[in-house]
Amino acid sequence: MFDKGNLKYLFIWLLSLLLSGLLKLIGYLNPNLLIINNFLLLLLVFGPALLVTIVLVFNKYSNS
């Protein structure tokens, strides 16, 4: 489980846990700092998918 190939996944897992814990602590101590409105939530959810779709469509039509 702890060979060199899996160490990067373990490091990413630990880093994501530390980052989420830090953000949870910041949100608990200062609740008005991390307010997310509905527009920002929609942008964060659908923005990357829309960009990937645009790139895939452009790659498909530029290759043919």
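Everything numeric in this text was worked out from a predicted model, so none of it was measured. (Residues numbered from 1 in each chain as written. Predicted model: local features only at pLDDT ≥ 70, side-chain atom pairs only at ≥ 80, totals over all residues. Heavy atoms only, no water.)

Asker: Can you help me understand the overall build of the chain in this one?
Answerer: The secondary structure content of the chain amounts to two helices and zero strands. The proportion of buried residues among the 64 residues of the chain is 2%. Of the roughly 6,300 Å² that the chain leaves accessible, carbon and sulfur atoms contribute 75%. (Helix = DSSP H or I, 4+ residues; strand = E, 2+ residues; numbered from the N terminus. Buried < 20%, exposed > 50% of the residue type's maximum accessible area, 1.4 Å probe, protein only. Areas by Shrake-Rupley, 256 points an atom, 1.4 Å probe, with all protein chains shown as cover.)

Asker: What exactly am I supposed to notice about a nonpolar patch on the surface here?
Answerer: Residues Ile-36, Phe-39, Leu-40, Leu-41, Leu-42, Leu-43, Leu-44, Val-45 and Phe-46 make up a contiguous nonpolar surface patch of roughly 920 Å² in combined accessible area. Tracing the backbone through its elements, the reader meets Leu-42 in helix α2 (residues 38–63). (Patch = residues over 30% accessible without salt bridge, like charges linked within 9 Å, V, L, I, M, F, W, Y side chains within 5 Å. Salt bridge = Lys/Arg side-chain N within 4 Å of Asp/Glu carboxyl O.)

Take it as geometry only, folks, not as evidence of what the structure does.
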